[in-house]
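# Observations on the model geometry
These are the residues of each chain, in order.
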Amino acid sequence: SVQVAIVTGSNQGIGFETLKLIAAAPEVGVAIMATRNPERGAEALKQLEEAGLKNVKLKLLDLGSSDSIASFVSSIK
C-alpha cells in the first residue's frame, strides 16, 4: 500500500524542510504539499523536483476557509 503524508504550510520554512525529509523517506509513496499560495507552492515544488523528489504533489489548502478544507479533502479522496 502507498503511504501518503500531508504537510501544511510546506512551501517555506520549517514546513518545507519537514516535507523534504518526509518525501525522502522510502516508506512514503506520496507527499502532499498543502499551501495557501499557489505561486509559492509551485516555486517550492520546483525546488523539490530539482532536488530529485518526484513524489511530491501540490494541493491548495487554506485552513481558515471551510470551503478550502472541503475542496482539499475531496481532492485527496
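Scroll up a little and you will see the structure.
As a starting point, this report considers the structure included with it. Remember, it's a predicted structure, so these values are computed and weren't measured experimentally.

## Brief notes about helix H1 (residues 13-24)
Helix length check: H1 (twelve residues) gives 17 Å between terminal C-alpha atoms against 16 Å at 1.5 Å per residue, within 8%. Among all positions of H1, only Gly15, Phe16, Leu19 and Ala23 are buried. In an axial view of H1, the angular spread of the buried residues amounts to 100°, which keeps them on one side of the axis. Exposed residues pointing more than 90 degrees away from the buried face of H1 are listed as Ile14, Leu21 and Ala24. In this structure, the buried side of H1 is in contact with strand S1 (3-8), strand S2 (28-35), helix H2 (38-50) and strand S3 (56-60).

## Points about the nonpolar core
Among the nonpolar cores identified, the biggest contains 14 residues, and Leu19, Ala31, Met33, Leu48 and Val56 are the most heavily contacted of them. Only S1, H1, S2 and H2 provide two or more residues apiece to this core. For Val56, the residues in contact, after removing those within four places along its chain, are Leu19, Ala23, Ala31, Met33, Leu45 and Leu48.

## Notes on the pairing of S2
Taken across its eight residues, S2 has six buried, putting it largely inside the fold. Alignment of S1 against S2, held across six bridges, turns out to be parallel. By the bridge assignment, Val4 is partnered in S2 with Val30. Handedness of the crossover joining S2 and S3 through H2 is recorded here as right-handed.

## Details of the layout of surface pockets
In this model, the largest pocket occupies a volume close to 170 Å³. Along its surface, the largest pocket is lined by Thr8, Gly9, Asn11, Gln12, Ala34, Thr35, Arg36, Asn37, Arg40, Leu61, Asp62 and Leu63. Looking at the lining of the largest pocket residue by residue, the class counts come to three nonpolar, six polar and three charged.

Calculation notes
Residues numbered from 1 in each chain as written. Predicted model: local features only at pLDDT ≥ 70, side-chain atom pairs only at ≥ 80, totals over all residues. Heavy atoms only, no water. Helix = DSSP H or I, 4+ residues; strand = E, 2+ residues; numbered from the N terminus. Expected span 1.5 Å × (residues − 1). Buried < 20%, exposed > 50% of the residue type's maximum accessible area, 1.4 Å probe, protein only. Arc of directions from axis to C-beta. Contact = heavy atoms within 4.5 Å. Core = buried A, V, L, I, M, F, W, Y, C linked by side-chain atoms within 4.5 Å. Pairing = 2+ DSSP bridges. Right-handed = clockwise from strand over helix to strand, strands pointing away. 1 Å grid on protein atoms, 1.4 Å probe; cavity = no way out; pocket = protein on both sides within 12 Å on 5 of 7 lines; lining within 4 Å. Points joined across faces, edges and corners; volume = space filled by probe spheres on them. Nonpolar A, V, L, I, M, F, W, Y, C, P; charged D, E, K, R; others polar.

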